[in-house]
Amino acid sequence: MSQPLLKVVNLKKHFPVRGGMFSRVLAKVKAVDGVSFELGKQRTLGLVGESGCGKSTLGRTVLRLHEPTAGQIFLDGDDICTLDREALKQRRRDMQIIYQDPYASLSPRRLIGQTIQEPLDVHKIGTPEERKKRVEELLDIVGLRKQVLSRYPHEFSGGQRQRIGIARALALNPSFIVADEPVSALDVSVQSQVLNVISRLQREHGIAFLFISHDLAVIQHVSDDVGVMYLGKLVEYSDSGSLYRDPKHPYTRALMSAIPIPDVRQRAKRIVLAGDIPSPMNPPSGCPFHTRCAEAMPKCSQVVPPRVNAGSAEKPHYVSCHLFDGSPESPA
Amino acid sequence: MTDEVAKTLLCVRNLVVEFDTRFGPVRAVDDISFDIFPNETVGIVGESGCGKTVTGLSLLRLVPSPPGRIVQGSIILNGNDLVQLPENDMAQLRGDDISMIFQEPMTALNPVLSLGTQMTDVLRQHRKMTKREARNVAIDMLEKVGIPVPEKRIDEYPHELSGGMRQRVMIAMALSCNPKLLVADEPTTALDVTTQAQVLEQIVELQEEFHMAVILITHDLGVIAETCQRAIVMYCGNIVETGTVEDLFQRPRHPYTKGLLESIPRLRDERIAELPIIPGMVPDLLSLPAGCRFADRCKYAQADCLQTPPRLESSGDAGSGVACYHPLN
Amino acid sequence: MSAPTNAATSAATLPDEHHESIWGKAIYKLRRDRAGMVGFAIVMTYFIAASGVWLGIWGTHWSDVEGPKWSPMSSEFWFGTNIIGQDIFQRAIYSTKTAFEIGLVVAVLSTLIGAVLGALAGFFSGTWIDAIILWIKGVLDSIPFYLFVAAVAFALQDNPYAMHVAMISTFWTTTGRLVRGEVIKLRNFEFVEAAKAIGVPQITIIFRHILPNTFHILLVQATIVFVAAIKSEVILSFLGLGVQDGVSWGLMISESTLEVLAGYFNNFIWASVLLFGLVMAFNMFSDALQDALDPKKVAAP
């Protein structure tokens, strides 16, 4: 089997909380606490979870925008955690990011043309004329007119700014893009427009995506594989079809039942979770979800559940839950 | 007609709210009329800029002025026209007969005052009570909204609570004087999906217990489907369609409603390549077209749609209507 | 294929008519602020006077002994003459040039230094760079201003720019502190991280992406420093540490202390009136500018 584009092994990102007279480390926010997954070439992995689950931190750590606390990140077989600054700058051409907030992700005092062209300038790609041509190509791909180049970000709507952000991310021809909640801040009718732009990038340009969102419907639309995160851990991970047809982890099932469905005929039976999401500074012992889980057993508060393959060898469906401990397949 | 007026709780007629901008005045709400009946939950749904929040604020006369002002129209609650009421009288009504909760509970609650102080302030403003009595009522309310150990938590500060809890506290404050009408402006948008489910359930339960009407302002059609009986769809300052939630979702008559329903990403059995979209963008309020404001994005537009804007025509059932020359279905 | 048409039509309408430049809204609000506009007009009048002096059109006879001492105001000597017999009007007009020179030089340079050091301190907040800059700022803020100036004047003996150096070295700290705060805030915005993700070097991020977003602060601070410089010059001239070659309102006032005892007020009055006029007008303009640049404040009806 060919090598995956991105392979993440036991990645951790902990943020120290400092205080006291000598800025001692008082506690650690375990934003990402031992996550492993693979992203195949031209595939999209959807990462879903609620606030505090660490999905945004994971997206940024994979790009080394945060320095990992532990773990390895293999891009095309090379461990990027070991690269020095110059080599990392070169590798950045392969991996880019688009952001959630269209109002904070574009430099307010720079013209759109300058913003989109900047990646080409920084890496000194082509002649200035070639760069201008490339910028115009990018505008075409995302569906914007040339006139936008001489304007400032504040003159555009959220949807247009997101397209500009996408154009900027495409400039260096990356093989994969981390999309951090790219449509969550947009109006409903604009969301579908921007999602279609992303779909086109997947189909026509073969770009792999790490697509982060809290919206299960959006994730289903764009993803080949899906990972569900809770308090820094990946609790379920499988291909998209299996996850939606047969969600196994109790958290995944609760999440799916909580989505308000815009269809009057299906007022779903809600699994309402008790309590609030615990703080990532003080995660519960054993399985992080046991404090809210209707099916918790005594074992759940004591032992961290191992990742188990509850699917098959060809179509793995990984779950980290003691309800599935007796599964025959062992993790890859 | 007088029969209906007697039955309605809130009667809004021809409301126009203008804002001053450097390019001239802009009508955020342009001649809207609707009724709210007692004990019902009505959703006002639309996207940014459609005027739904300004409508909600107008009902409590909270539109920031300057730059905004109500230029025309009437808002009749219990026989009083809220637009004409002097500010002192309006302040009496707010929190008592009509209450509002907002999207961002952190900024709506005062971070330097304890929850107890904020809640007892509201109570003692509108009812004759001693501090102790008010505190007891407040603890009671906190319990009703599902805050565990309310006697302890009442002395805590907003930052000590999670987003979902803060929102519940805000609901408790809004309901403490038993208003007849609650206006909820995007109350769950800033919350996680699982917390959202909890808070919405709470609102539905409380509505039944307190016998009040709720106006739920949101952009999320899923929330409307789950909690409302009727809904009002707004676009660009106008009401384009109203009706029961069943009718709206299964037989939408306005092309915008239909387009919106089709373009929302939803869980499907099969993955589709491209989502249907509503092409184009919401028009600039400063340069509105002569005819229907949705015409340039509408697949079904015809010549007459471009001449004059269509008026909201009601059909048979009270509270149903559509503003379209060629409605679907 | 439907996809390109879909995408193209979705972005079809760009707001052409209501194209709003970055400063457009601020200028609109500024123009409606009556006090600010009056202040601006007055400042412009002074500026024209100063330019005239600089170009040699008027005020050139400020040091000539033209008339009898203490002659009263007349058509020949509009403001009268001083104790030596110099034309007070000429001296007063010449002083506008001095005032603008000090004001502009100190304002521009201290704002520049404050911007650069503030940006570095803010971006590298928490590291040794920030610590050093904060320490320097703290030291400078703790030294009483006039003591510091005296020390600098002594060290740079007879250098006509001693006063400027002293003022610039202390006035940059406020700007620096404000810029540092703003940069710490801006540093967390996603467009900064986006630049990092592209591989833009840190210094470029600071000066190309972050600092331009502090211009509203820099502009207002510059106007405040302008006024502070002019006012400080008055006191420095009293102490003999002010303008060495040329004349300024401060010098005129300082000279007039003897004259006033003898009962001749022209020198004192005219220098004070002109000084007060410029400072007041500039303050009004500066307040209006601050309101105009504040995105939350609404324009006057």
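Residues numbered from 1 in each chain as written. Chains lettered and ligands numbered in written order. Predicted model: local features only at pLDDT ≥ 70, side-chain atom pairs only at ≥ 80, totals over all residues. Heavy atoms only, no water.

### Quick notes on the overall build of chain C
Rules: Only DSSP runs of H or I covering at least 4 residues are called helices, and only runs of E covering at least 2 are called strands; the numbering of each starts at the N terminus. Any two residues whose heavy atoms approach within 4.5 Å at even a single point are treated as in contact. Under the convention used here, a 1.4 Å probe and the Shrake-Rupley method define accessible areas, while residue burial counts only the protein chains that appear. Only four residue types enter the charge count, namely Lys and Arg as positive and Asp and Glu as negative; His and the chain termini do not. Just so you know, the charge point we use is NZ for Lys, CZ for Arg, CG for Asp and CD for Glu.
Across its full length, chain C carries 12 helices and zero strands. Secondary structure elements of chain C occur, N-terminal to C-terminal, as α-α-α-α-α-α-α-α-α-α-α-α. Judged by the C-alpha coordinates and their principal axes, chain C covers about 95 × 50 × 30 Å. In chain C, the proportion of contacts linking residues at least 24 apart, taken out of those at least 6 apart, comes to 70%. Within the structure as shown, chain C displays about 14,700 Å² of accessible surface, and the carbon and sulfur contribution to it stands at 69%. In chain C, 18 positive and 22 negative side-chain charges are present, and the distance between their average locations comes to 10 Å.

### Remarks on the layout of surface pockets
Going by this rule: Think of a 1 Å grid over the protein atoms and nothing else: a 1.4 Å probe that fits but is trapped marks a cavity, an open set flanked by protein within 12 Å on at least five of seven lines marks a pocket, and residues with an atom within 4 Å of a point count as lining. Grid points are joined across faces, edges and corners, and a volume is the space filled by probe spheres set on the points.
When its volume is computed, the second largest pocket comes out at roughly 1,200 Å³. What lines the second largest pocket is a set of 29 residues, and nearest its centre among them are Arg 64 and Leu 65 of chain A together with Phe 123, Lys 196 and Gln 202 of chain C. Of all the secondary-structure elements, those providing two or more residues to the lining of the second largest pocket are helix H2 (85–91) of chain A together with helix H8 (190–198) and helix H9 (202–210) of chain C.

### Details of the sheet that holds strand E2 (residues 24–36) of chain B
Residues and elements named next belong to chain B. Note the cut-off: We treat two strands as partners when DSSP finds at least two bridges between them. Geometry is summarised by axes, namely lines fitted to C-alpha atoms with helices restricted to the contacting stretch, and by angles between N-to-C directions that run from 0 to 180 degrees.
As summarised here, the arrangement of the four strands in space is E2-E1-E4-E5, forming an open sheet in which the pairing is antiparallel. Single-partner strands in this sheet number two, and they are E2 and strand E5 (80–81). Sheet topology places strand E1 (residues 10–21) next to E2; 10 bridges connect them, and they run antiparallel. Looking across to E2, one finds that Glu 18 is bridged to Arg 27. Sitting on the sheet, helix H2 (residues 52–59) touches E1, E2 and strand E4 (68–77), and the angle it makes with E1 is about 115 degrees.

### Focus: empty space enclosed by the protein
The following threshold applies: Lys, Arg, Asp and Glu make up the charged group, whereas Ala, Val, Leu, Ile, Met, Phe, Trp, Tyr, Cys and Pro make up the nonpolar group; the residues left over, Gly among them, are polar.
Scanning the model with the defined rule gives nine cavities of 30 Å³ or more in all. In terms of lining, the largest cavity is formed by 13 residues, of which the most central are Pro 255, Cys 298, Ala 301, Cys 305 and Cys 324 of chain B. In terms of residue class, the lining of the largest cavity is built from 11 nonpolar, two polar and no charged. Along its surface, the second largest cavity is lined by 14 residues, and Pro 250, Cys 287, Cys 293, Cys 300 and Cys 321 of chain A are the ones closest to its centre.

### A short note on the side chain of His 126 of chain B
All names here are of chain B. Rules: A simple rule labels every residue: compare its accessible area, found with a 1.4 Å probe on the protein chains alone, to the largest value its type can have, and call it buried under 20%, exposed over 50%, or partly exposed in between. Counting of polar contacts relies on pairs of N or O atoms within 3.5 Å, with two restrictions inside protein: one atom must be capable of donating a hydrogen and the other of accepting it, and residues adjacent in sequence are counted only when both atoms are side-chain atoms.
In this structure, His 126 sits in helix H5 (residues 115–126). Its relative accessible area of 16% is what places His 126 among the buried residues. Only 3.3 Å separates the side chain of His 126 from the backbone oxygen of Gln 92, close enough to count as a polar contact. A polar contact is formed between the side chain of His 126 and the backbone oxygen of Arg 94, at a distance of 2.8 Å. If we ignore the near neighbours within four places in the chain, the residues touching His 126 are Ala 91, Gln 92, Arg 94, Gly 95, Asp 96 and Cys 177.

### Quick word on the interface of chain A and chain C
To be explicit about the condition: Reported buried area values correspond to the accessible surface (1.4 Å probe) lost by two parts on association, with both partners' losses combined. The term salt bridge refers to a pairing of a side-chain nitrogen on Lys or Arg with a carboxyl oxygen on Asp or Glu at a separation within 4 Å.
Residue-level contacts link 36 residues of chain A with 29 residues of chain C. For the chain A and chain C pair, buried surface summed over both sides reaches about 3,100 Å², with 54% attributable to carbon and sulfur atoms. Remark: the boundary between chain A and chain C carries three salt bridges. A salt bridge links Glu 190 of chain C to Arg 60 of chain A, with the shortest nitrogen-to-oxygen separation between them at 3.7 Å. The tally of links between chain A and chain C comes to 13 residue pairs in polar contact (both at pLDDT 80 or more). Every element with two or more residues in the side of chain A that touches chain C is listed here: strand E6 (95–98), helix H3 (112–122), helix H5 (158–170) and helix H6 (188–205) of chain A.

### Considering unusual backbone geometry
Residue and element names in this part refer to chain B. Of note, the phi angle at Asn 14 is positive, near 50 degrees, even though the residue is not glycine. Structurally, Asn 14 is set in strand E1. Positive phi values are uncommon outside glycine, yet Arg 61 reaches one of about 55 degrees. The topology assignment puts Arg 61 in the loop between H2 and E4.

### What to know about the pairing of strand E10 (residues 233–239) of chain A
Residue and element names in this part refer to chain A. In terms of residue burial, E10 counts as a mostly covered element, since six of its seven residues are buried. Judged from the six bridges that link them, strand E9 (residues 225–230) and E10 form a sheet pairing that is antiparallel. Across the sheet, the residue bridging to Val 226 is Ser 238, located in E10. Between E9 and E10, which pair antiparallel one after the other, the connecting turn spans two residues, and Leu 231 there sits at a positive phi close to 50 degrees.

### As for the pairing of strand E9 (residues 230–235) of chain B
When a strand is regular, its side chains alternate between the sheet's two faces. Residue and element names in this part refer to chain B. Judged by how many residues are buried, E9 sits mostly within the fold: six of six residues are covered. Alternating residues of E9 divide into Arg 230, Ile 232 and Met 234 and Ala 231, Val 233 and Tyr 235, and every residue in both groups is buried. Relative to E9, strand E3 (residues 41–45) is paired through four bridges, and the arrangement is parallel. Looking at the pairing, Val 45 lines up with Val 233 of E9. Both E9 and strand E10 (residues 238–244) contribute to a ladder of six bridges, which runs antiparallel. In the sheet register, Val 233 faces E10, and the bridge partner there is Glu 241. Where E9 folds back on E10, the antiparallel hairpin that results is connected by two residues, among which Cys 236 adopts a positive phi of roughly 55 degrees.

### Here we look at the nonpolar core
Using the following cut-off: The term nonpolar core refers to a set of buried residues drawn from Ala, Val, Leu, Ile, Met, Phe, Trp, Tyr and Cys, joined through side-chain atoms within 4.5 Å.
One finds Val 106, Phe 123, Met 167, Trp 249 and Leu 278 of chain C to be the most contacted residues of the largest nonpolar core, which totals 68 residues. Broken down by element, this core gets its largest block of residues, 14 residues, from helix H4 (residues 88–123) of chain C. Look past the residues within four positions of Leu 278 of chain C in its chain and what remains in contact with it is Val 43, Tyr 46, Ala 99, Phe 100, Ile 230 and Trp 249 of chain C. In this structure, Leu 123, Ile 154, Ala 174 and Val 214 of chain B belong to the second largest nonpolar core, which totals 59 residues.

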